[in-house]
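One letter stands for each residue in the lines below.
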2 protein chains.
Amino acid sequence: MEFSAVLQARTSCRAYTADPVAPEVVTAIIEAGCAAPSPFNQQPWSFIVVTDPQRIAAVAAHSAAVRDQLAKDSGQGWVAKYDPAFVGQAPVLIAVAANPKKIGLGAFLGDTDAHVKAASACIQNMLLAVADRGLGSLWFTMYDRAEMAAMLGVAEGLELVGLLPVGVPAAPGKQPPRKPVADLTTYL
Amino acid sequence: MEFSAVLQARTSCRAYTADPVAPEVVTAIIEAGCAAPSPFNQQPWSFIVVTDPQRIAAVAAHSAAVRDQLAKDSGQGWVAKYDPAFVGQAPVLIAVAANPKKIGLGAFLGDTDAHVKAASACIQNMLLAVADRGLGSLWFTMYDRAEMAAMLGVAEGLELVGLLPVGVPAAPGKQPPRKPVADLTTYL
């Protein structure tokens with residue numbers, strides 16, 4: 001697809017069909033992520049691909065429990081109605097972790113989250129690559145970071161930056177409105 | 001351009017011609033950034049576009065001073081040879097800031113850097129949009145974050161996440177090598 005079409009096609013998908021995603025497609029999505037820039041090209045990212053249905057179900061169950069706690073903590077009514085069960089429908093989850101030791105000269109520049117920035121650029125590439133193939137995903141965050149890292153076996157010392165369900169969308173995506181550039185920009 | 005070609009065309013550009021970049025192109029690049037996802041669609045990003053030659057020269061001079069300090073602090077010989085003067089050649093700099101109050105439910109999830117993640121996804125979209133137009137950029141970080149924020153007038157409470165020179169590349173880009181996906185991925 002044309003790049004500008006991919007930008008518009010990338011929406012946060014919260015409903016998946018039961019169709020599988022081929023392993024080579026998962027690899028291509030991760031390869032797109034790896035094309036992101038990073039300090040010193042240290043490529044601080046690593047990936048955990050989950051296709052085991054029991055593990056995926058456990059992730060969804062954890063998210064539902066976190067949702068219940070969040071509904072209490074945040075006091076926001078809509079949270080109680082947000083159903084993360086869609087995560088359990090996706091045939092694949094891809095977790096992205098980052099190594100805080102791979103930040104180039106960041107430690108000398110107060111840029112100690114450079115690994116998170118690089119992994120976020122990597123995730124954005126992955127989300128776009130998903131959209132480019134007509135698949136759906138979203139940057140899912142409704143989990144306890146420490147508990148999810150333990151559930152997925154994220155190696156000691158690495159930080160979980162995002163969890164991406166990937167699958168065939170069960171419904172067309174819709175772009176939420178964006179603020180106008182003029183309202184967000186200062187010119188010097 | 002096709003998305004996959006854009007991914008490959010996006011390289012870190014460290015040499016720019018004197019050719020200008022039209023204001024509407026700058027706006028289109030920022031619009032591409034704004035198509036990124038963010039928690040609750042809060043769009044925590046804002047932008048400072050610098051085209052004033054004196055300000056651009058001041059940024060480059062600051063970076064050269066930081067380079068000198070980094071060469072001492074890091075003890076790495078190559079740093080002394082790294083010349084950030086290319087930043088001063090670019091006709092436009094775009095700074096991206098993020099609002100740490102716009103993190104959705106992140107505060108309840110230990111995800112207090114969700115604004116940095118969203119702004120990083122925004123920056124990656126911008127870098128790809130630059131490449132899509134045959135222009136060059138890079139995620140420049142050789143500056144003192146507090147000093148650069150002051151130089152650019154980043155509003156109190158916002159965090160500077162990246163600085164992107166944008167211009168016409170003076171030389172073809174080259175992709176650095178990437179680690180194989182298989183070496184980075186665990187399958188569950």
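Note: the structure precedes this text.
These notes cover the structure that comes with them. Note that this is a predicted model, so its numbers are computed, not measured.

### Quick look at the overall build of chain A
The helix and strand tally for chain A stands at eight helices and five strands. Going from N to C terminus, chain A has its helices and strands arranged as α-α-β-α-α-α-β-α-β-α-β-α-β. For chain A, whose C-alpha radius of gyration is 17 Å, the value lies close to the compact-globule estimate of 16 Å for 188 residues. C-alpha extents for chain A along the principal axes are approximately 45 × 40 × 40 Å. Considering only contacts within chain A whose residues lie at least 6 apart along the sequence, 81% involve residues at least 24 apart.

### A look at the environment of P165 of chain B
Residues and elements named next belong to chain B. Its location among the elements puts P165 in strand 4 (residues 159–167). Here P165 falls in the buried class, since 27 other C-beta atoms lie within 10 Å of it. Each C-alpha atom of the pair P165 and K101 lies 27 Å from the other, and the pair is 64 residues apart in sequence. In this view, P165 contacts Y16, V87, A90, L93, S137, L138 and F140; residues no more than four positions away in its chain are not counted.

### Description of the relation of the copies chain B and chain A
The transformation that overlays chain B on chain A combines an axial shift of 0.0 Å with a rotation of 180 degrees, and the residual RMSD is 0.0 Å. Interpreted geometrically, this transformation is the action of a two-fold axis. Mapped onto chain A, 98% of the interface residues of chain B again fall at the interface, so both copies present the same surface.

Rules used in this analysis
- Residues numbered from 1 in each chain as written.
- Chains lettered and ligands numbered in written order.
- Predicted model: local features only at pLDDT ≥ 70, side-chain atom pairs only at ≥ 80, totals over all residues.
- Helix = DSSP H or I, 4+ residues; strand = E, 2+ residues; numbered from the N terminus.
- Rg over C-alpha atoms; globule rule 2.2 N^0.38 Å.
- Contact = placed C-beta atoms within 7 Å.
- Buried ≥ 20, exposed ≤ 12 C-beta atoms within 10 Å, placed from the backbone.
- Least-squares fit on C-alpha atoms with pLDDT ≥ 70 in both.

Geometric descriptors of this kind do not, in isolation, establish any biological role.
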